[in-house]
Structure formats: C-alpha cells, structure tokens
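Residue-level structural notes
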Amino acid sequence: MSQDLLPGTLYMMVLRTLAAGPLHGYAIAKRIKDASRGDLAIEDGSLYPALNRMLVKGWLKAEWGTSENNRRARFYRLTPDGRKQLEQEAGDFDRLIKSIQLVMKSA
Amino acid sequence: MLREIVRRLGHLGRTSQFERELDEEIRFHIEARAGELERSGLRRADAEAQARREFGSRARSNEDTRSAWQFRWIEEAGADLRYAVRSLRRSPAFALTAIACLALGIGANVLIFSLVDAVLLRSLSFPEPDRLVTIWFIPPNQSGQKAGTNALAYVTLRDHNRSFEYLGAARLDAAFNVGDDSPGAAPPERIRAQWFTVDLVRGLGVNPVLGRWPNGRGEDSGVVISYGLWQHLFGGATDVIGKQLRTDLTQTPLAILDVTPAGFELLNPDAGLWVFQSDQNLRSGAYRSSNRIFTLIGRLKPGVTLDQAQADLNSLMPSLVQEMPDMNRGWSIRLEKLHDTYVGQIRKPLMIFQGAVFLVLLIACANVAGLQLAQASLRQKELSMRAALGSSRGRIIRQLLTESALLSVLGGGVGLALAWGGLRLFVNLSPGGFPRLGAIGLNPTVLGSTLLLCLISGVVFGTVPAIQISRPDLMDVLREAARGSTAGGTPEKLRGVFVVAQVSLALVLLVGAGLLVHSWLRLNMVQPGIDPRRLITFQVPFPRSLYNASGSSTPAGGFQADLNPRIHLLSEQIRARLALVPGVESAALAVTPPLGGVPRRMDFQKEGQVVAPGQQDNWSAEWYPIGLDYFRTLRIPLLAGRDFRPEDKDTGAPVVMISSAMAQQYWPHENPVGQRIQMNLLYDPPREIVGVVGDVRQDRYQHDPQPQLYVPRAQLPLKMDLALSQAIMLTNTFIVRTKADPAQLASALRSAVAEVDRTQAVTNVRTVEEYAGGQLQDLREYVALLSVFGGISVALAVIGLFGMMAHAVSQRTNEIGIRMALGAPPATVLGLMLRQGLVVTAAGLVIGLGASLILTRVIQSFLWGVTATDPLTFALVGCGLAVIALLACYLPARRALHIDPVIALRSE
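Since the model is a prediction, treat every value here as computed from it, not as a measurement.

Scanning chain B for helices and strands turns up 29 helices and 24 strands. Here chain B holds 908 residues, and the buried ones make up 51% of them. For chain B, the share of sequence-separated contacts (at least 6 apart) that also reach a separation of at least 24 residues comes to 82%. When the accessible surface of chain B is summed, it comes to about 40800 Å², and 58% of that surface belongs to carbon and sulfur atoms.

Structural data, given as structure tokens:
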C-alpha cells in the first residue's frame, strides 16, 4: 500500500474489508493483498498510520481480542460513521473510475 | 470536528499505553506473517527476515501512526518554545535586559491596575449598586461645590419624590467617646460615628450579621456597631445584641441593636458606630436648622434612570425654596451614582497614573523591539539558513514571535513579583482616606489582565522586528556575510524610530513629573502666616456627658445642646497651666490645629446692614473661636487695635478680631477697629471689632488669603446646635510654643493636663510642622509616583539609545577602520558616529515636547502656581533629557576612537 495507490483509496479498501466484520491489522493487510491477487504493492508498515487516522476520524473502533491462534490481537470494526463513509467513497470512486474509463476509451 | 479534537485530547492522557499497544500490535503482525511464510516452507530465520522486510521501516510507521493522533501546531509550538529557550540562553545579556525592561513596564502596570481594579472597577458590595444614588445640593454659582441639606428638606424630598424606592439620610461627621458599660471593660475610646435613617440601610440592601434593623418609628433606641468594633470591643461574641454601650452621646447607655457586616462602610472607612435617626428625632429640635448636615442617599425604583430621577427632584426644588427661601434659593440638586461618590476624589489621579504606566510599558516595548532588531542582525545568517532549508516565512515569524512571547511572559512574571512587593508597600504606607483599601490585591482579574498584557506587549514588540527580520534577500545576506557589513540598513533605521519613540515618551512623563515638582516647590514657598517651628499641638476632647447640663439631650441625639459653663473655665485652666510648664514659651487654645484642619465658615453682616438675597456668599469668612495668647503663640502679627484680654468673656462686651484681608475687603477706606458686625450662626448680639491681625493661609493651596474672624471662646453662647457644639466646644486643641525641641516636652504637657483634671485624655500629639507637611501629602505622593515612573522611562530610553549606538559602532567597525587607515581625524570619526544618535535624540525631544504640550493638560488640576505649559519646566526637563541622551550616545561612540584599523581590517 504505497504511492502506487490513488490517494484515499487505502481508506476505502480498509473500510470495505471491515464491512464484513471486525478484523485485526494483519488480517486486513492479508485480505487486501489476496483480493488484489498480489497486484497491489503494499508496504505493511503504512497500514497502521492509516488505521489510526481512521480511529481519530471516528470511522473505526479498536478493541483487544483473541486471534484464531489464541494470541492477543487488536481488532478493528466499522462504526456507523465508517459505514456511511464507505458508501460515500465507494460511490465517488465508481463515478471517478467510470469517467476515467470513458476518457481513456474515447481518446 | 469537535469529536475529533476530543479523541485527540483523550490520546494525550494515555500516550505510554498507546506506545505499548502499538508495539504489541506490530509484533503480532510481523509474527503472524512470519508464521505464514514458515508454513509455506521457509526457514524460520528467513521467514522472520522477509516479514520484517515486507513491513518496511518500523520507525517511520510508528512516527506516522503517532502523528495521526497529535495536534500539529502544539508540537510545533513546543519545538518553537524549546528553540526560543535555547536561543535566549545563548545571548543572556540580551535576554536579561529585555526581561528587566518588560518587568518594569508590566510590573508598574499591574501595580496601578490592581489599584484601579479595586477602587474604580469593582462595584460596591451592595446589591444592584447601579440603582444607588447620592443627592447633592449645589450652591448658586458654585458648580464645583457639593453640600448636603437639612432635615426638613430631606423629609420633603423623601415624602414627595416618585423615583426612589428608598431615600435615606446620613450625617457623616461626628465622633463620640465610646466604652463598654460592663465592669472591668477597657477605658473609653474615641470612635467615629454616623447618624442615619433606617431608609438608608434598607435602600442599601444591607442586612445586619446580628440583630435586625429598627423599624424607624421611634420606639427603638440604640446603636448599630460595625463588624470591626464588634470584634475589637467584644471579641465577636454572639450575645452582644442588647448589651449596653456607654457613649458620651447620651446620659444613659445605649443598647446595641445590630452588627453590620464586615466591609460595610458608608463614605467613611473609619466609622465604627451608627445611631438611628427616627422620624421623631428628625422633626424635633433643629428640624428647620439651615445647617446642611445630612447627606442623602437613595435607591432608585427599578427602571428609573438617573435623568428621570434628576428631573423628578428638580420639580420638587420650588417647594424646598418655598419652605426655606433663605437657605435654598438659587441652589440646585445634582444626582450622582453612589460609586462615583466613593471614588470621586481618587478617580482622576488613578487614571493619570494608569496612563503614565502605560507610557512606561510602551517605552519598554519599543526598547525590547530595538533590542530584538539588534539581536536579529546577529542572527541574520542563522535565519537565512533556515529559510534556505525550507522554513516558510510564516514559520520563521512564528518562531520569532514565540521568542517574544517567552520574553514577555518571563518579564511579566518578574513584573508580577515587583508589583506584589509594591502593593505590600503601598498598603502599609497607604495614604489616609484611600477608599476600599481592603479590596486591593492580586486577584484573578488582575492576574488575567497581566497575562493579557504580557501577550499583547509580546505581539507589539515582536511583530515589527519579526516581519522585518524575516524578509532578508538571501543573496544580500550571504554577500554581506562575505564582506562584513557597513552602514546600517532598514533594521537600523527602524531601530532609530523605536529610540525616537522612547525618548519622546520619556520626555512626556518627565515633563509631567517636572510640572508636579515645580508646583510642589512653589507650594513649599508659600508663607502660611504663622511661624510653624517648635509648635506642638494636642487635643483634649471633653466628653459631653460630663459637661452637659443634665436633662437637656434627647435620647438618640437630638439637636439642641446646653453646655455647662465649666467648659470655658476648664479649658482656660488647662491653657494657663500649660504655659507654666518649664520650656514652654506660651500656650494657646483653638478648635483645630493651625494648618491642620478644615476652616469653618461663618456668615456675617455689618451691623444694621441687610444683605441682599443671593449675596450672602460674599459675606462669609473663616471663623476661629480661640483662647488667650493665640496670636502671640502662633506669631501672627497684630496690625491694628488690641489683642483679646481676659476680660473678654461672657460678662464683657462682645468683641471680635479680623484678618488684614478681611479689613481690606470690607473696610477698604475706613478703620475697621470700632466697627460692629453681626454673626449669623450664633444668634448673639453684634460684636465690636477690636483688632486686626495678619493673614493666615490655613490651606496652602489657597491662592489668596481668605477673610478671617476670630472670636473669644469664652464669649460663645452655651446653647447651640449639637453638631456645632461637638465640633467647636468639646474639641479643644492646645497649641504650645516651646523653647527647644517640642517632642521632649510631650510627657510634661500630658502631666500638666492631668494636674488640672485627671479624667481628661490627651490625643493627637503632633507638631504643627507635621500638619503643614500633611497638607501637601497628596501632592507629594503624586510627585513621588510620577517621578518614579519618569525615572524608569528615562532609564529605559537611555538603555535603548546606548544599545543602539553601541550596536552601530560594532556594526561599522570595518568602515571606521578604513576611514582611520585613510587618515580621518578622530573628531570626524566621533562626529560621524554621534550624528545618528543626535538625529534620533533631537527628533525624540521635538516630538516629546509637542506631545507634552497636549498631554500635560490632564494634570492641570493638580498643578499649583504653574500652567500646564510652563516654559521654564519644559525647557529644564528638555535640556536635562538632552544632556542624559548625549551622554548615552557619547560613551559608546567614543569606543569608535579606540578601534585599531589594522585589527579592524584583518578581522574580515
């Protein structure tokens, strides 16, 4: 997750990933990588600043829980604000992609 | 947005927990990834290494994560602050000078502001104080005078006005001897007392801490004591209500009705005792006396404005005139907020001092701004470097302003300490009669305004230099650094402007102080008309209960007094005995000490003459009931006729003596001796003028001597108004001329009084010279305060000038070196260096003189014998400051002469 991404898309992907349910940081990173079939060049270290910025904004909540292999891990889940943000960003992003595609096709 | 801030603030409280949790979370992340890689077949060590590699820089991740939570500006401000502390510590001389300047400026402001706050801004401690009003009576054609009124006018106004919820009256001038009536209690003390009607305390809205206000219908007879007296006489005992208090006001002791709350004061902070005046009392005795002994204070009905109440009372004025035409014709009524009555006298001096210290602060700010410019030119390279490394100009200005704010807060802290010390000093040495002294202190208002003052002055002295400094053309600075600087550029000129401001403001303060000093010197040259040296005075207040013919006083202080003839005998006995004490030249008797009291005035007319209505003011004189040997003791010259003789007593022919000014005013072309005058207050037969004596200026501020009347005390009638008898018959001031130091005779004089009557107390032993000094005390305090402020401002201006010159010399070392190497004579070099200082000084003086011409008008009313634009004072102060300024320029400029051209040029 790096400069190769469009600005703000990292937030959107994290929000989308968490829409299904709470996950810890490593699981979020893994889901995003798997979903993109490894095409997105992600530096795992930049995930945590993004997660914390979203905590500050109130889109996410974090609490400590137990991971699948019984380790203590920090789980993030969407707040109602976060869900609203996801809907808005996903809509915006779709429109943006569509317009870019239109331009690319007609050019 | 708000919730975001709350979340960030919450984070501040748990940063260490946050660090721990972040660490654990990332460790978990890396281990989980490594575990996965290991499962896919890597060796454990390789798996861990790859997991770390994939994670990237942990330090950067942590830093970014942390900063997600932080307020950027707080972090930056913290960094700025640390940087500011470092750079101040690098140049301690600059920092200390700046802090000292600001401490003086801010300290003086805090000191004066805490007085202003306590005295002027804090409202009265009564509920809804804005509705409280004092009603003054203004004599015809004398709008500057304020007087009270009599009982009749009070009752008329109280019963017929439509504006006041309560209208009360008080008599503010009386003093009694008071003692506890219980056996074994302390000896009687003299307590200041006041009368008032119950409407007054109801109007003020004050509730007693003990007891209850009487209903005012006359069945309650008793007194009210102050909180202070309660503590002092009774130790705050709660069973004090109903106790008997013996006063010399009445034959029988009076019951204590109430105790007033602490801090209750009514126009006289010393009052300890109040006596209620019921309606019955008001209507008895001197109901129609024309003495204006009552001050009226009322509470306006809700919603009534001062103007409406004024109009309402104005409409009642005709009925007052109708009731007592002689007393009220031509008089008018003026309403005034009670708060203004309290602080009226002190408001103007305080505002002037506030203005003066504000000027001091401005000078201090200009000074620090100049210092910062100089300091900044030394830091030019550092600042350019920061700009080159990418600091924005706003960022650099913010950094410089942080330094200013730090300086001003440090200066403010020291200034607060100075002010605290000054306040302690002031409260201890407090001039008498300073109102509401108890309220003075460093309270939150004062502290808050100090902080505000610090920040404002930080901005004031920081902004201009910061903008100026942060604007360097990078190339210029680098070039200058390469070849060393020559003549000063814009910052140097700006610095000159700051010094001009300092010199001119200092001149304004100095001229103000100079005018006051000049007035004071002139006042000291005024001849009082007596010889005040080696004169000692003291008072023997006769208790009225002892010398009252029995049964003649009304229970709660009626108005008519019958005096026992023994009074005259006793006072003359004491006077004669004092004259016999070894070391005493002569002894005299009067009502008030010479130069130490407010003269009473008496209306009079020539025998058989009728004074036209409205003209009575022109027929009034100061009058003095005196005993024998008065003129000899005070060394007042007898100009015509004869002195009083022992035969001039109640059985002898009524006589009077007059002053030279009175003789010239009323008998300009005839011999006054042998003429007869009628005095209006005493209702006794006409008196023959037997002698004329020299003028005495009882009040040094008087420009012209007043007409004066002297009456033998032994000829005063024994029936007179109670207040008058209190004031003139029971107050005996003995004046003794001694052959040597009067202080050594004090105990001999006390025992002489005791020999005549052991029960009499001797009080207020003071020399006449002390009284004479006391008259000028207010002015002396103003002179002292303004001189201190003037001195501070000059010191600041000198620091500014000196600093500017020293800096200019050090900046131009190269240029001077070149000039000297090329053969410039020392005088030329000195002149070159001095020129800048001279221009700045001259500009400052011219602007300062101009500003003084306008500003000194505000102290006009405190001046005596000099005008606010007195040329002599202006010239002397201007020259004095010019000399000081030249010295401040010359000393650093001379250093230029000692520059060795070789060293100067090599230092490149």
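Back to the write-up after that little detour.
Before going further, it helps to spend a moment on the sheet that holds strand β14 (residues 584-590) of chain B. Residues and elements named next belong to chain B. Spatially, four strands are ordered β14-β23-β12-β24 in an open sheet, and the strand pairing comes out antiparallel. Edge positions in the open sheet fall to β14 and β24 (763-767), since each of these has one partner strand only. Adjacent strand axes in the sheet meet at a mean angle of 20° when their direction is disregarded. Bridge count between strand β12 (residues 535-541) and strand β23 (residues 731-738): seven bridges; the pairing is antiparallel. Across the sheet, residue Phe538 finds its bridge partner in β23, namely Phe734.

Residue and element names in this part refer to chain B. Counted by the stated rule, this structure contains 17 aromatic pairs over all chains. Residues Phe353 and Phe789 carry aromatic rings whose centres are separated by 6.5 Å and whose planes lie at 70° to one another, so their mutual orientation is edge-to-face. Taken as a pair, Phe353 in helix α13 (residues 338-388) and Phe789 in helix α25 (residues 777-811) lie far apart in primary sequence, 436 residues in all. Phe789 matches Phe353 in its accessibility class, with the two residues each being buried.

This part covers unusual backbone geometry. All names here are of chain B. Its identity is not glycine, yet Arg534 carries a phi of approximately 55°, on the positive side. Topologically, Arg534 is positioned in the loop between α17 (490-525) and β12. Its relative accessible area of 28% is what places Arg534 among the partly exposed residues. Backbone geometry places Arg635, a non-glycine residue, at a positive phi of 60°. Assignment of secondary structure puts Arg635 in the loop between α20 (630-634) and β17 (638-641).

Right, let's get into the packing of helix α1 (residues 9-18) of chain A against helix α4 (residues 80-106) of chain A. Residue and element names in this part refer to chain A. One can describe the packing of α1 onto α4 by two numbers: an axis separation of 9 Å at closest approach and a directional angle of 125°. By the angle between their axes, α1 is oblique relative to α4. Considering only the axes of α1 and α4, their crossing is left-handed. Facing Thr9, Tyr11, Met12, Leu15 and Arg16 of α1, the residues of α4 in contact are Gly82, Gln85, Leu86, Glu89, Ala90 and Phe93. Residues of the contact of α1 with α4, tallied by class, amount to six nonpolar, three polar and two charged.

For an interface, size is often stated in terms of accessible area lost upon the parts coming together. Counting residues at the interface gives 26 residues for chain A, matched by 25 residues for chain B. Between chain A and chain B, a total of about 2300 Å² is buried, with carbon and sulfur atoms accounting for 53% of that surface. Notably, a salt bridge pairs Glu31(B) with Arg71(A), separated by 2.7 Å at the nearest N-O pair. In this structure, the connection of chain A to chain B is made through 11 residue pairs in polar contact (both at pLDDT 80 or more). Of all elements in the fold, only α2 (25-35), α3 (47-57) and β3 (72-78) of chain A reach the threshold of two or more residues within the side of chain A that touches chain B. If you tally residues by element for the side of chain A that touches chain B, the top one is α3(A), at seven residues. Here the side of chain A that touches chain B is built from residues that sort into 10 nonpolar, six polar and 10 charged.

Residues and elements named next belong to chain B. Of all seven residues in β12, seven are buried; the element is thus mostly enclosed. Where burial is concerned, the two faces of β12 agree: the one with Leu535, Thr537, Gln539 and Pro541 and the one with Ile536, Phe538 and Val540 are both buried. Here β12 runs beside β24; their pairing, made up of three bridges, is antiparallel. Looking at β24, one finds that Thr537 is bridged to Arg766.

In this section: the sheet that holds strand β1 (residues 23-24) of chain A. Across the sheet, three strands lie side by side as β1-β3-β2 (chain A); this open sheet has antiparallel pairing. The strands lining the two open edges of the sheet, one partner per strand, are β1 and β2 (60-66) of chain A. Bridge count for β2(A) against β3(A) is seven bridges, and the pairing is antiparallel. Bridge pairing links Lys61(A) to Arg77(A) in β3(A). Sitting on the sheet, helix α2 (residues 15-39) of chain B is in contact with β1, β2 and β3 of chain A, with an inclination near 100° to β3(A).

Here we take up the packing of α3(A) against helix α4 (residues 58-69) of chain B. The geometry of α3(A) relative to α4(B) is characterised by a closest axis approach of 8 Å and an angle of 10° between their N-to-C directions. As far as their axial angle goes, α4(B) and α3(A) are roughly parallel. Facing Tyr48(A), Pro49(A), Asn52(A), Arg53(A), Leu55(A) and Val56(A) of α3(A), the residues of α4(B) in contact are Ser61(B), Asp64(B), Thr65(B), Ala68(B) and Trp69(B). For the contact of α3(A) with α4(B), the per-class residue count stands at six nonpolar, three polar and two charged.

For Phe18(B), the location among the structural elements is in helix α2. Looking at Phe18(B), the relative accessible area reads 5%, which means it is buried. Separated by 48 residues in the primary sequence, Phe18(B) and Arg66(B) place their C-alpha atoms 8.7 Å from one another. In contact with Phe18(B), other than residues within four places in its own chain, are Asn52(A), His11(B), Thr65(B), Arg66(B) and Trp69(B).

Residues and elements named next belong to chain A. Residues Leu96, Ile100, Val103 and Met104 make up a contiguous nonpolar surface patch of about 390 Å² in total accessible area. Relative to the assigned elements, Leu96 resides in helix α4. Exposure remark for Leu96: the relative accessible area of 41% places this residue in the partly exposed category.

If you walk through the whole model with that rule in mind, you get 43 salt bridges over all chains. Between Lys33(A) and Glu54(B) there is a salt bridge, and its shortest N-O distance comes to 3.5 Å. Of this pair, Lys33(A) sits in helix α2 while Glu54(B) is found in helix α3 (residues 44-55), placing the two residues in two different chains. When sorted by exposure, Lys33(A) lands in the same class as Glu54(B), which is buried. For Asp46(B), the salt bridge is made with Arg43(B), and the minimal N-O distance between the two is 3.5 Å. On the basis of relative accessible area, Arg43(B) is assigned to the exposed category, the value being 60%.

The rules behind these values
Along every chain, residues carry numbers that run from 1 in the direction the sequence is written. Chains and ligands are labelled by the order in which they are written, letters from A for the one and numbers from 1 for the other. Local features in this predicted model are restricted to residues of pLDDT 70 or higher, and side-chain atom pairs are both shown and tallied only at a pLDDT of 80 or more, whereas totals for entire chains, interfaces and linings draw on every residue. Heavy atoms throughout the structure, all of them, feed into the side-chain values; hydrogens and water do not. Only DSSP runs of H or I with at least four residues qualify as helices, and only runs of E with at least two residues qualify as strands; both kinds are numbered from the N terminus onward. Relative accessibility thresholds used throughout: buried, under 20% of the residue-type maximum; exposed, over 50%; partly exposed, between the two (1.4 Å probe, protein chains only). The criterion used for residue contact is that any of the two residues' heavy atoms lie within 4.5 Å. Note on areas: these come from Shrake-Rupley sampling with a 1.4 Å probe, and a residue is covered only by the protein chains present in the view. For two strands to count as paired, DSSP must find a minimum of two bridges between them. Axes, fitted as lines to C-alpha atoms, cover a helix only where it is in contact. Angles between the N-to-C directions of the axes lie from 0 to 180 degrees. Aromatic pairs are defined between Phe, Tyr and Trp rings, using the six-membered ring for Trp, whenever the two ring centres lie within 6.5 Å; interplanar angles under 30 degrees are classed as stacked, those over 60 as edge-to-face, and all others as tilted. Here roughly perpendicular refers to angles of 65 to 115 degrees, roughly parallel to angles under 35, roughly antiparallel to angles over 145, and oblique to all remaining angles. Helix crossings are classified by the rotation of the near helix relative to the far one: an anticlockwise turn of less than a right angle makes the crossing left-handed, while a clockwise turn makes it right-handed. Put simply, Ala, Val, Leu, Ile, Met, Phe, Trp, Tyr, Cys and Pro go in the nonpolar bin, Asp, Glu, Lys and Arg in the charged bin, and everything else, Gly too, in the polar bin. Defined in terms of a 1.4 Å probe, buried area is the accessible area two parts forfeit on being brought together, summed over both. Any Lys or Arg side-chain nitrogen located within 4 Å of an Asp or Glu carboxyl oxygen qualifies as a salt bridge. In protein, a polar contact means a hydrogen-donor-capable atom and an acceptor-capable atom, both N or O and within 3.5 Å, with residues adjacent in sequence counting only if both atoms are side-chain atoms; elsewhere, any N or O pair within 3.5 Å suffices. Residues enter a patch when their relative accessible area is above 30% and they make no salt bridge; the linking distance is 9 Å between like charges and 5 Å between nonpolar side chains (Val, Leu, Ile, Met, Phe, Trp, Tyr).

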